[in-house]
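# Descriptive analysis of the structure
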Amino acid sequence: GHVDVAQLRAIYEGTDNGNLKLQICHVLSQMEGQPGALDLLLHIVRTEPDPEIRQNAVFWIGQFDDPRAADALLEIINGP
């Protein structure tokens, strides 16, 4: 069936399973054009304590053809 971004967010926030979180990042990367997919990846980068998951989310953000993705990557590179 079809899973939307809100459902993925709920699953992500409801689990501590790192592999599931990585899989959700990958699924979000395949949802370019879906409202909220990039926003959720950006949220993950900003709030996820696990560095492997954050790094994975950064990689997938780089796959989006969206000016906000480029801005986010520059923000990450330049730091606070």
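Right, let's walk through the structure included here. (Residues numbered from 1 in each chain as written. Predicted model: local features only at pLDDT ≥ 70, side-chain atom pairs only at ≥ 80, totals over all residues. Heavy atoms only, no water.)

### Side note on the side chain of K21
We count it as follows: Helix and strand labels come from DSSP, where a helix needs a run of H or I of at least four residues and a strand needs a run of E of at least two; each type is numbered from the N terminus. Burial status follows relative accessibility: with a 1.4 Å probe on protein chains alone, a residue under 20% of its type maximum counts as buried, one over 50% as exposed, and anything between as partly exposed. Only heavy atoms matter for contacts: two residues are in contact if any of them lie within 4.5 Å across the pair.
Along the chain, K21 falls in helix α2 (residues 18-29). Judged by its relative accessible area of 11%, K21 is buried. In this structure K21 touches Y12, T15, D16, E48 and I53, once residues within four positions along its chain are discounted.

### Some thoughts on the nonpolar core
One recurring pattern in soluble globular proteins: nonpolar side chains tend to sit buried together. What counts, and what does not: By nonpolar core is meant a set of buried Ala, Val, Leu, Ile, Met, Phe, Trp, Tyr and Cys residues that side-chain atoms within 4.5 Å join together.
Ranked by internal contacts, the top residues of the largest apolar core, which has 22 residues, are C25, L28, L41, I44 and I61. Listed by contribution, the elements that provide at least two residues to this core are α1 (5-13), α2, α3 (37-47), α4 (51-61) and α5 (67-78). The element that contributes the greatest number of residues to this core is α3, accounting for seven residues. Those residues in contact with L28, other than ones at most four positions away along the chain, are V5, L8, A37, L40, L41, I44 and F64.

### Some details on α3
Residues A37, L38, L40, L41, L42, I44 and V45 constitute the buried set of α3. On its buried face, α3 is in contact with α1, α2, α4 and α5.

### Looking at the packing of α3 against α4
Applicable threshold: Geometry is summarised by axes, namely lines fitted to C-alpha atoms with helices restricted to the contacting stretch, and by angles between N-to-C directions that run from 0 to 180 degrees. Each helix crossing is assigned a hand: it is left-handed if the near helix lies turned anticlockwise from the far helix by less than a right angle, otherwise right-handed if that turn is clockwise. Three classes are used: nonpolar for Ala, Val, Leu, Ile, Met, Phe, Trp, Tyr, Cys and Pro, charged for Asp, Glu, Lys and Arg, and polar for all others, with Gly counted as polar.
Taken N-terminus to C-terminus, the directions of α3 and α4 make an angle of 145°; their axes are 8 Å apart at the nearest point. In the crossing of α3 with α4, the sense of the turn from one axis to the other is left-handed. Residues L38, L41, L42, I44 and V45 of α3 form the contact with α4, whose own contacting residues are I53, R54, A57, V58, W60 and I61. The class makeup of the residues in the contact of α3 with α4 is ten nonpolar, no polar and one charged.

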